[in-house]
Amino acid sequence: ITSTAAQRGLMRDFKRLQGDPRAGVSRAPSENNLMQWNAVIFGPEGTPFEDGTFKLVIEFSEEYPNKPPTVRFLSKMFHPNVYANGSLCLASLQNRWSPTSAVSSILTSIQSLLDEPNPNGPANSQAAQLYQENKREYEKRVSDIVEQSWNDS
(Lines give C-alpha, C1' and ligand atoms only; values in the text may rest on other atoms or scores of the structure.)
Protein backbone atom coordinates (compact mmCIF):
# COMPACT_ATOMS: atom_id res chain seq x y z
CA ILE A 1 0.00 0.00 0.00
CA THR A 2 1.45 3.34 -0.95
CA SER A 3 0.66 6.28 1.25
CA THR A 4 0.76 9.92 0.30
CA ALA A 5 2.71 12.65 2.06
CA ALA A 6 -0.58 13.91 3.53
CA GLN A 7 -1.41 10.46 4.91
CA ARG A 8 2.08 9.99 6.37
CA GLY A 9 1.81 13.41 8.05
CA LEU A 10 -1.59 12.53 9.50
CA MET A 11 -0.26 9.21 10.84
CA ARG A 12 2.62 11.09 12.50
CA ASP A 13 0.11 13.57 13.95
CA PHE A 14 -2.07 10.74 15.22
CA LYS A 15 0.87 8.91 16.87
CA ARG A 16 2.00 12.15 18.51
CA LEU A 17 -1.55 12.80 19.78
CA GLN A 18 -1.63 9.38 21.45
CA GLY A 19 0.96 10.61 23.92
CA ASP A 20 -0.64 14.04 24.34
CA PRO A 21 -4.16 13.73 25.71
CA ARG A 22 -5.11 17.39 25.85
CA ALA A 23 -7.80 18.34 28.31
CA GLY A 24 -11.18 18.88 26.79
CA VAL A 25 -10.41 17.46 23.34
CA SER A 26 -10.50 13.99 21.82
CA ARG A 27 -9.76 13.08 18.22
CA ALA A 28 -8.98 10.12 16.01
CA PRO A 29 -9.14 9.12 12.35
CA SER A 30 -12.45 7.55 11.40
CA GLU A 31 -12.44 3.78 11.14
CA ASN A 32 -11.42 3.26 7.53
CA ASN A 33 -10.47 6.74 6.33
CA LEU A 34 -7.30 8.41 7.57
CA MET A 35 -8.30 11.60 5.71
CA GLN A 36 -11.37 12.11 7.89
CA TRP A 37 -11.13 12.50 11.65
CA ASN A 38 -13.83 12.58 14.28
CA ALA A 39 -13.30 14.92 17.19
CA VAL A 40 -15.08 15.93 20.34
CA ILE A 41 -14.57 19.24 22.09
CA PHE A 42 -15.75 19.68 25.64
CA GLY A 43 -17.10 23.13 26.47
CA PRO A 44 -14.48 25.11 28.41
CA GLU A 45 -15.06 25.50 32.17
CA GLY A 46 -16.49 28.80 33.33
CA THR A 47 -18.07 29.53 29.93
CA PRO A 48 -21.67 29.21 28.71
CA PHE A 49 -20.46 26.11 26.81
CA GLU A 50 -19.29 24.35 30.01
CA ASP A 51 -20.42 20.68 30.22
CA GLY A 52 -21.20 20.55 26.50
CA THR A 53 -19.74 17.75 24.38
CA PHE A 54 -19.58 18.86 20.78
CA LYS A 55 -18.81 16.52 17.90
CA LEU A 56 -16.84 17.72 14.89
CA VAL A 57 -15.57 16.20 11.70
CA ILE A 58 -12.20 17.19 10.23
CA GLU A 59 -11.59 16.45 6.56
CA PHE A 60 -8.10 16.60 5.11
CA SER A 61 -7.23 16.88 1.43
CA GLU A 62 -4.17 15.44 -0.26
CA GLU A 63 -2.70 18.97 -0.12
CA TYR A 64 -2.54 18.82 3.68
CA PRO A 65 -0.53 20.25 5.46
CA ASN A 66 -0.12 22.96 2.80
CA LYS A 67 -3.88 23.50 2.72
CA PRO A 68 -5.99 23.57 5.89
CA PRO A 69 -8.50 20.83 6.60
CA THR A 70 -12.20 21.62 6.59
CA VAL A 71 -13.71 21.44 10.04
CA ARG A 72 -17.35 21.47 10.94
CA PHE A 73 -19.50 20.84 13.95
CA LEU A 74 -21.80 17.84 13.69
CA SER A 75 -23.46 18.87 16.95
CA LYS A 76 -25.90 21.74 16.86
CA MET A 77 -24.04 24.98 17.57
CA PHE A 78 -25.16 28.51 18.37
CA HIS A 79 -22.11 30.73 18.09
CA PRO A 80 -21.19 33.97 16.27
CA ASN A 81 -18.42 32.22 14.30
CA VAL A 82 -20.21 29.01 13.31
CA TYR A 83 -22.39 28.82 10.19
CA ALA A 84 -25.75 27.04 10.18
CA ASN A 85 -24.15 23.99 8.49
CA GLY A 86 -21.56 23.73 11.28
CA SER A 87 -18.64 25.21 9.31
CA LEU A 88 -16.35 27.59 11.15
CA CYS A 89 -15.27 31.11 10.46
CA LEU A 90 -11.78 30.92 11.97
CA ALA A 91 -8.73 32.73 10.61
CA SER A 92 -6.33 29.89 11.47
CA LEU A 93 -8.36 27.62 9.16
CA GLN A 94 -8.46 30.16 6.34
CA ASN A 95 -6.15 33.07 5.58
CA ARG A 96 -3.86 32.51 8.58
CA TRP A 97 -3.30 28.79 8.04
CA SER A 98 0.18 27.49 8.75
CA PRO A 99 1.41 24.11 7.46
CA THR A 100 3.04 23.61 10.86
CA SER A 101 -0.36 23.60 12.61
CA ALA A 102 -1.12 20.25 14.18
CA VAL A 103 -4.59 18.77 14.57
CA SER A 104 -4.48 19.35 18.33
CA SER A 105 -3.73 23.06 17.89
CA ILE A 106 -6.68 23.39 15.49
CA LEU A 107 -8.99 21.89 18.12
CA THR A 108 -7.49 23.99 20.89
CA SER A 109 -8.12 27.16 18.89
CA ILE A 110 -11.73 26.08 18.23
CA GLN A 111 -12.15 25.47 21.95
CA SER A 112 -10.83 28.99 22.69
CA LEU A 113 -13.15 30.41 20.06
CA LEU A 114 -16.15 29.01 21.98
CA ASP A 115 -15.23 31.24 24.90
CA GLU A 116 -13.93 34.20 22.88
CA PRO A 117 -16.08 34.71 19.81
CA ASN A 118 -15.28 37.34 17.23
CA PRO A 119 -18.65 39.03 16.67
CA ASN A 120 -17.14 41.43 14.11
CA GLY A 121 -16.90 38.83 11.36
CA PRO A 122 -19.94 36.74 12.14
CA ALA A 123 -20.96 33.51 10.46
CA ASN A 124 -24.17 33.59 12.49
CA SER A 125 -25.41 37.18 12.68
CA GLN A 126 -28.19 36.35 15.15
CA ALA A 127 -25.71 34.81 17.61
CA ALA A 128 -23.32 37.74 17.12
CA GLN A 129 -26.06 40.29 17.75
CA LEU A 130 -27.25 38.50 20.91
CA TYR A 131 -23.67 38.09 22.11
CA GLN A 132 -23.15 41.85 21.82
CA GLU A 133 -26.57 43.17 22.82
CA ASN A 134 -28.18 40.58 25.10
CA LYS A 135 -25.64 38.31 26.81
CA ARG A 136 -28.32 36.70 28.96
CA GLU A 137 -30.40 35.57 25.98
CA TYR A 138 -27.21 34.46 24.16
CA GLU A 139 -26.19 32.34 27.15
CA LYS A 140 -29.69 30.86 27.39
CA ARG A 141 -29.51 29.80 23.72
CA VAL A 142 -26.04 28.33 24.30
CA SER A 143 -27.23 26.39 27.36
CA ASP A 144 -29.99 24.88 25.17
CA ILE A 145 -27.41 23.53 22.70
CA VAL A 146 -25.22 22.31 25.59
CA GLU A 147 -28.17 20.21 26.79
CA GLN A 148 -28.81 19.00 23.22
CA SER A 149 -25.15 17.96 22.95
CA TRP A 150 -25.67 15.34 25.69
CA ASN A 151 -28.29 13.62 23.57
CA ASP A 152 -26.08 13.65 20.48
CA SER A 153 -23.49 11.33 22.02
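Residues numbered from 1 in each chain as written. Predicted model: local features only at pLDDT ≥ 70, side-chain atom pairs only at ≥ 80, totals over all residues. Heavy atoms only, no water.

In this chain, Y64 is followed by P65 through a cis amide linkage whose omega measures 10 degrees. You can see P65 is positioned in the loop between β3 (53–59) and β4 (70–73). Not every positive phi belongs to a glycine, and D51 is a case in point at roughly 75 degrees. Its place among the elements puts D51 in the loop between β2 (33–42) and β3. (Helix = DSSP H or I, 4+ residues; strand = E, 2+ residues; numbered from the N terminus.)

It is worth spelling out the environment of Q36 at this point. As for its placement among the helices and strands, Q36 is situated in strand β2. The exposure class assigned to Q36 is partly exposed, which follows from its relative accessible area of 24%. For the pair formed by Q36 and P69, sequence separation is 33 residues and the distance between their alpha carbons is 9.3 Å. Ignoring any residue separated from it by four or fewer positions in sequence, one finds Q36 in contact with P29, S30, V57, I58 and E59. (Buried < 20%, exposed > 50% of the residue type's maximum accessible area, 1.4 Å probe, protein only. Contact = heavy atoms within 4.5 Å.)

We now examine the nonpolar core. As a rule of thumb, nonpolar side chains are buried together in soluble globular proteins. Counting residues in hydrophobic clusters, the biggest one holds 37 residues, and the most contacted among them are F73 and I110. For this core, the leading source of residues is helix α2 (residues 103–115), giving six residues. (Core = buried A, V, L, I, M, F, W, Y, C linked by side-chain atoms within 4.5 Å.)

In this fold, D152 is placed in helix α4 (residues 135–152). D152 has contacts with K55, S75 and K76, leaving out every residue within four places of it along the chain.

Helix length check: α2, at 13 residues, gives a terminal C-alpha distance of 19 Å against a target of 18 Å (1.5 Å per residue), a fit within 8%. Looking only at α2, the buried set comprises V103, S104, I106, L107, I110, Q111, L113 and L114. Where α2 is buried, its residues meet α1 (5–18), β1 (25–30), β2, β3 and β4. (Expected span 1.5 Å × (residues − 1).)

With that out of the way, let us pick up the pairing of β2. Side-chain direction in a regular strand flips from residue to residue, so the side chains alternate between the two faces of the sheet. Relative to β2, β1 runs antiparallel, the two sharing six bridges. Note on β2: the bridge partner recorded for S30 is N33. Examined bridge by bridge, β2 and β3 share seven bridges and lie antiparallel to one another. Looking at the pairing, V40 lines up with K55 of β3. (Pairing = 2+ DSSP bridges.)

What follows deals with the packing of helix α3 (residues 125–133) against α4. Packed helices, taken two at a time, are described by their axes: the angle between them and the distance between them. Packing of α3 against α4 leaves a shortest axis separation of 6 Å and a crossing angle of 130 degrees. Taken together, the axes of α3 and α4 are oblique relative to one another. Between α3 and α4, the residues in contact are Q126, A127, L130, Y131 and E133 and K135, E137, Y138 and R141, respectively. Of the residues contributing to the contact of α3 with α4, the split by class is four nonpolar, one polar and four charged. (Axes fitted to C-alpha atoms, helices over the stretch in contact; angles between N-to-C directions. Parallel < 35°, antiparallel > 145°, perpendicular 65-115°, else oblique. Nonpolar A, V, L, I, M, F, W, Y, C, P; charged D, E, K, R; others polar.)

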